[in-house]
Protein chains: 4
Amino acid sequence: MTTHAGIVGFRGYSGIELQRILSAHPRTSPWLLEHRADSSAVPQPIGHAGPPRIPCTPQAVAEAGITVVFLATPPEVSMELAPPLLEGGVRVVDLSGAFRLRTAETYRRWYKEEHTQPELLARAVYGLPEINREAIRAARLLSNPGCYPTAASLVIRPLVQAGVIRRSAGVVCDAKSGVSGAGRKPSLKTSFCEVAENFSAYSILDHRHVPEVLLNTGLDESEFTFTAHLLPIDRGILETIYFRAEGLAGAADLLDVYLKAYAAEPFVRLYPAGAVPGLHAVARTNFCDIGVRLDPKSGRAVVVACIDNLVKGAAGQAVQNMNLMLGFDETEGLL
Amino acid sequence: MTTHAGIVGFRGYSGIELQRILSAHPRTSPWLLEHRADSSAVPQPIGHAGPPRIPCTPQAVAEAGITVVFLATPPEVSMELAPPLLEGGVRVVDLSGAFRLRTAETYRRWYKEEHTQPELLARAVYGLPEINREAIRAARLLSNPGCYPTAASLVIRPLVQAGVIRRSAGVVCDAKSGVSGAGRKPSLKTSFCEVAENFSAYSILDHRHVPEVLLNTGLDESEFTFTAHLLPIDRGILETIYFRAEGLAGAADLLDVYLKAYAAEPFVRLYPAGAVPGLHAVARTNFCDIGVRLDPKSGRAVVVACIDNLVKGAAGQAVQNMNLMLGFDETEGLL
Amino acid sequence: MTTHAGIVGFRGYSGIELQRILSAHPRTSPWLLEHRADSSAVPQPIGHAGPPRIPCTPQAVAEAGITVVFLATPPEVSMELAPPLLEGGVRVVDLSGAFRLRTAETYRRWYKEEHTQPELLARAVYGLPEINREAIRAARLLSNPGCYPTAASLVIRPLVQAGVIRRSAGVVCDAKSGVSGAGRKPSLKTSFCEVAENFSAYSILDHRHVPEVLLNTGLDESEFTFTAHLLPIDRGILETIYFRAEGLAGAADLLDVYLKAYAAEPFVRLYPAGAVPGLHAVARTNFCDIGVRLDPKSGRAVVVACIDNLVKGAAGQAVQNMNLMLGFDETEGLL
Amino acid sequence: MTTHAGIVGFRGYSGIELQRILSAHPRTSPWLLEHRADSSAVPQPIGHAGPPRIPCTPQAVAEAGITVVFLATPPEVSMELAPPLLEGGVRVVDLSGAFRLRTAETYRRWYKEEHTQPELLARAVYGLPEINREAIRAARLLSNPGCYPTAASLVIRPLVQAGVIRRSAGVVCDAKSGVSGAGRKPSLKTSFCEVAENFSAYSILDHRHVPEVLLNTGLDESEFTFTAHLLPIDRGILETIYFRAEGLAGAADLLDVYLKAYAAEPFVRLYPAGAVPGLHAVARTNFCDIGVRLDPKSGRAVVVACIDNLVKGAAGQAVQNMNLMLGFDETEGLL
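Residues numbered from 1 in each chain as written. Chains lettered and ligands numbered in written order. Predicted model: local features only at pLDDT ≥ 70, side-chain atom pairs only at ≥ 80, totals over all residues. Heavy atoms only, no water.

Peer 1: Before we go on, may I ask you to explain the relation of the copies chain A and chain B in this structure?
Peer 2: Between the two copies of the chain lies a relationship made up of a rotation around an axis and a movement along it. When chain A is fitted onto chain B, the two copies agree to an RMSD of 0.0 Å after a turn of 180° and an axial shift of 0.0 Å. Both copies are brought into coincidence by an operation consistent with a two-fold rotation axis. For chain A, the smallest separation between a C-alpha atom and the rotation axis is recorded for Ala 169 of chain A, amounting to 2.2 Å. When the interface residues of chain A are mapped onto chain B, 100% of them again fall at the interface, so both copies present the same face. (Least-squares fit on C-alpha atoms with pLDDT ≥ 70 in both. Contact = heavy atoms within 4.5 Å.)

The structure is reproduced here in structure tokens:
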């Protein structure tokens, strides 16, 4: 029997990617949940209508037999829609930043807005399977990680746990993202002529994804420097992460930290010492690819990680979490 | 009277840019010096033939009245051509890496090849006007800086001189360049389908531009971590530079270091504290644009610098140097 | 003495290009005329403020000594601003479609809006110098041509005049434009992720530039098929124009039609028979480049024309027209 | 039981696409056949080795139990490899142009080379399923269509058969292709800096795909004008096809021609009259999307067709043909 999975925000880039993945998934079929009227109809080929479309109301959701809903919506819309859906017995996978932090205070500081559902923060389960798999299986409200924190946390957390970072020198994460990470709403900043043949940094030292990385890795804010950059491409995140290593005799030792941490992980791929991934390697996949370089004499260490921001950084990871929540094989529909 | 300026390597991207700048320069006219036969003729509009083209021989150069020659060639070709040209009394501006380092040993280590003209290393003048203006005026053999070192040195040198870097934590330079920096020779790495919608790191910790930055800034190799990345754009370099600041109360103090260093510089532009430049700001200009961010509590500091790799990073700076060498106004033909 | 030239719409792509050209023009200096408040301030380097900015009122324009104003505005704004400026004795160069057609009826049909200044249609001079130079010199209200019609008219008009088109087979113009042609206002259609790695046709058979081409060439609507396409690039228009030739023995004969028509034109460049231009050849120039192919047996003829839509297709041609209107050399500031 | 399918030329863009499709295909597994040594090894993630790789010899192919081989090779290599493979009892699907035409004379004229296996021309079956399905099922040597002819033939053939083209006015096919269509071998023409922000026409009137379209449609060479253009994108072909219609009262009539021709076709999608597809609609799919516009008064007709040149234009169609040849469902592995 097929699981009916609802998508709110199905016109956005994460929503479109969810449609793609869930349509090909052997155990689910997508339903489009219309939250707000939208006239931006694109012409469709005759006889290729796409998934069924119904209003996003508790009644319509129940009638359609939908048991899990993906919210590919801004935080304020997720805060509005999550409570009634949960009350209706539906599992919710939220792709926004609404439920990623632990306190309303932290949320206010980084998102510059009030949290309207602070009591849900304690109930939400943070959905980075590689660090939180067991809790995810039991989640009713799943908070899907941010795109930048997914890669950064997978890189930094094992290093902190292995104690190989010289903490006093700090960790630098120089992150670069494709434009789809900024969403589909038109703006000057994401207009073709402003982005093409251009490259720029933004949110230096104050990106809202920073506290998420701190929570996942155990670093203190003063130890972590994060800069985001906008790449003139559609999709993909590459993070170049710098630290000073302690107690490592060579790149093989650094690679070994990851081999131990991720030996059994289906969606983390490691490169031979010295080799690093590029974005083409992960495009349209749910993989996080990691490669390392190290100068053992000085301890200068560089780790490069790549994900597709719309897959492992959003829709793919959301489906990975759904698979865990519904007892499916974790990789179903994702390989 | 117009100065006749020869260009060897006029079909490469730096050479094409030199043609563009020298053609519009009020005091020079370009001559194309044919070093090797090349059949890659592009159709030209009728009656728009371009600059005169002559063989690159001492005799032809002398007959044409050429007094300065730009070598937009690979290092081994520059080593071959510089001696006879200098002997013929011509001033030489070399855009390759042949004469940027001080010893044949350092050259061998970083360029993985023997230097065939080691005695010229002592005679070559390093052409970063902002740090070496007086020596440049008297140069006969001018070594034009590398693209990455131009921006990195302009950012880091004043910080070292002002003593505001906590040296033990090191300096990280995360550099991103457009594809024209790799030259015009066809290769898989610079093929459209390999570069478009892609992004990748290369030469991590061992880029040949590293020793040049160390010479310019006084940093030790163990203090400097450099990674290059390939941007899917034609031209432009953006460097995000990280360090731990000491003795700075705020971003304004950091900006002040640059205001003092570059108050009189025609080709360095600074941004108000907190604002940073993007590549569009410097495209097709000879400017190096610099912006700063600082968290005074932790000392985390980020400086963003942008140049056009073909202008301030190559042909433009070469003409800036020529202006100084020939006693012209330094900005002639460059604003 | 420098001519003060005002620009309304200076934040749009044509307006930015006008700033660039007029700033480098030896006989003019640009003034930015603020028509509507706009908060989209981009950070500027310290000490590089750009041209002076004043309100777009008759009084402010008069006080600033502005004698020519460029309207890089939508048609409805041009219709609003042109009358008071003309009344104030200022010459007006309008880059919109407001005054390109001859009757309010034609305007209504193609622009789907009422013309609010129909009496100005008779006073406006159409500014394609290659076909209308003398009238342009005397113009007070100059209507700058559309980007597509500039290239199409320069290609088709000489063919019609030479009588070499088999009219019954019609003329096809397959036109492709970079995204800047759609203006700077954010929209989904010009968002990076919608345009990159994409290509599409629009306004098939009903583009508002069609009547302009008919007026310039003498073709009847039933003889002319026009399709526009959106290229994933910033700037440039390439038109591939198809017709059946009559009375031509070979490509040289076809080229000869253009050699005769444009021998003395400074901004039309022709290619040897068989060779055709690409967009790189005209980027950031005021040239229209033309190349031809012909199969003499069947009469199948193909002409390829390229312009930079923001230069010869907008700002550059506007300055060319201004040069004529003010008695300057026609090429001043444009080579 | 899984069919073992060999791929020669697996490093090229069509070969990579074949790997992708055949790996996900439920009834096949790919084997990489090494024809020529190649040192361009790309770093692979640890434990993700890819398909098995064996020499391309009759013995190795037989030992591996390979029963179908895809030749994603240049024509001359296909001519060399096809005979021994066929002799060994293997079915061959050739993606080159080697076997698409019917006579060695035609081949010589358009490919400018001698055909070395003229006797195979009669045995090869042309693999455009929509026009040749039954013959394909029985093929031993299958010649996969060219990318441009696939879309052009699907558009033009039904029009010719329905008799709605005014033949005297001819048919124009203005075709635009992404860069992957030019193959993976590095060349200046496909270098990033030459292609990005550029657009150009090539092979005007003499493209080698022309005779293939003539064979498929029944048009005479004098009736068909074809121009190819290079789009600055990775993949996708859009063709804008122009003709003068006879006997059609409106766009619905034109659409009706296609509805009748392709009602049962799984890989041709039609758009409502007036709407046309863009390249994003077909990216990474095996669909050919078609939309129409018509001015009934003058008969001016425009048809827009889109395919992914690497899928329906190469690897996807090759697998569609393999499905037919092996008695699988035609859509297996392609939806």
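Peer 1: Looking at this structure, I do not really get the interface of chain C and chain A. What am I missing?
Peer 2: Where interface size is given, it is often the accessible area lost as the parts come together that is meant. Contact with chain C, which involves 17 residues of that partner, is made by 17 residues of chain A. For the pair chain C and chain A, the summed buried surface comes to about 1500 Å²; carbon and sulfur atoms form 67% of the total. Looking only at chain C, the three residues that lose the most surface to chain A are Leu 188, Phe 192 and Cys 193 of chain C, adding up to 43% of its buried area. For the pair chain C and chain A, the interface holds two salt bridges. Ionic pairing is found between Arg 184 of chain C and Glu 194 of chain A, a salt bridge with its closest N-O pair at 2.9 Å. (Buried area = accessible area lost by both parts, 1.4 Å probe. Salt bridge = Lys/Arg side-chain N within 4 Å of Asp/Glu carboxyl O.)

Peer 1: I keep staring at helix H4 (residues 104-111) of chain C and nothing clicks. Help me out?
Peer 2: In an α-helix there are 3.6 residues to a turn, and that puts residues three or four apart on one side. Residues and elements named next belong to chain C. Where H4 is concerned, the buried positions are Ala 104, Tyr 107, Trp 110 and Tyr 111. Viewed end-on, H4 has its buried residues packed into an arc of 140°, placing them on one side of the element. Buried residues along H4 sit in contact with helix H3 (75-87), helix H5 (118-123) and helix H9 (210-217). Looking one or two places after H4, you find Lys 112, whose phi comes out positive at around 55°. (Buried < 20%, exposed > 50% of the residue type's maximum accessible area, 1.4 Å probe, protein only. Helix = DSSP H or I, 4+ residues; strand = E, 2+ residues; numbered from the N terminus. Arc of directions from axis to C-beta.)

Peer 1: Looking at this model, I keep getting lost on the relation of the copies chain C and chain A. Mind explaining?
Peer 2: After a rotation of 180° and a shift along the axis of 0.0 Å, chain C superposes on chain A with an RMSD of 0.0 Å. Looking at chain C, 100% of its interface residues are interface residues in chain A too, so the copies touch through the same face.

Peer 1: For this particular structure, what's the right way to read the sheet that holds strand E9 (residues 200-202) of chain C?
Peer 2: To summarise the sheet geometry, strands pair through backbone hydrogen bonds and adopt either a parallel or an antiparallel arrangement. Residues and elements named next belong to chain C. Spatially, seven strands are ordered E9-E10-E8-E11-E14-E13-E12 in an open sheet, and the strand pairing comes out mixed. In this open sheet, the two edge strands, each paired with only one partner strand, are E9 and strand E12 (268-270). Across this sheet, the average inter-strand angle for adjacent strands is 25°, counted without regard to direction. Examined bridge by bridge, E12 and strand E13 (residues 288-295) share three bridges and lie parallel to one another. Bridged to Arg 269 within E13 is Asp 289. (Pairing = 2+ DSSP bridges. Axes fitted to C-alpha atoms, helices over the stretch in contact; angles between N-to-C directions.)

Peer 1: How should I be thinking about the domain arrangement of chain A in this particular structure?
Peer 2: Residues and elements named next belong to chain A. Taken domain by domain, chain A consists of domain 1 (3-145 + 313-325) and domain 2 (147-310). On a C-alpha basis, the centres of domain 1 and domain 2 stand 25 Å from each other. With 26 residues of domain 1 at the interface, the matching set in domain 2 holds 32 residues. Buried area between domain 1 and domain 2, both sides added, is near 2500 Å², and the carbon and sulfur share of it is 53%. Inspection of the region where domain 1 meets domain 2 yields four salt bridges. Across the pair Glu 265 and Arg 133 runs a salt bridge whose closest N-O atoms are separated by 2.7 Å. In this assembly, domain 1 and domain 2 are joined by 12 residue pairs in polar contact (both at pLDDT 80 or more). Contributing elements (two or more residues each) for the side of domain 1 that touches domain 2: helix H1 (13-24), helix H4 (104-111), helix H6 (129-137) and helix H11 (311-325). In terms of residue count, the dominant contributor to the side of domain 1 that touches domain 2 is H11 (six residues). Classifying every residue of the side of domain 1 that touches domain 2 by side-chain character gives 11 nonpolar, seven polar and eight charged. (Domains from an automatic or database assignment. Polar contact = N/O pair within 3.5 Å; in protein donor to acceptor, adjacent residues only side chain to side chain. Nonpolar A, V, L, I, M, F, W, Y, C, P; charged D, E, K, R; others polar.)

Peer 1: What is the right way to look at the interface of chain A and chain B in this model?
Peer 2: Each partner contributes residues to the interface: chain A has 46 residues there, and chain B has 46 residues. Across the contact surface, chain A and chain B share six salt bridges. In this structure, Lys 176 of chain A engages Asp 174 of chain B in a salt bridge whose closest nitrogen and oxygen atoms are separated by 3.1 Å. Linking chain A to chain B there are 34 residue pairs in polar contact (both at pLDDT 80 or more). Contributions of two or more residues to the side of chain A that touches chain B are made by strand E8 (171-177), helix H8 (192-195), strand E9 (200-202), strand E10 (224-230), strand E11 (237-244), strand E13 (288-295) and strand E14 (300-307) of chain A. Residues belonging to the side of chain A that touches chain B are distributed by class as follows: 20 nonpolar, 12 polar and 14 charged.

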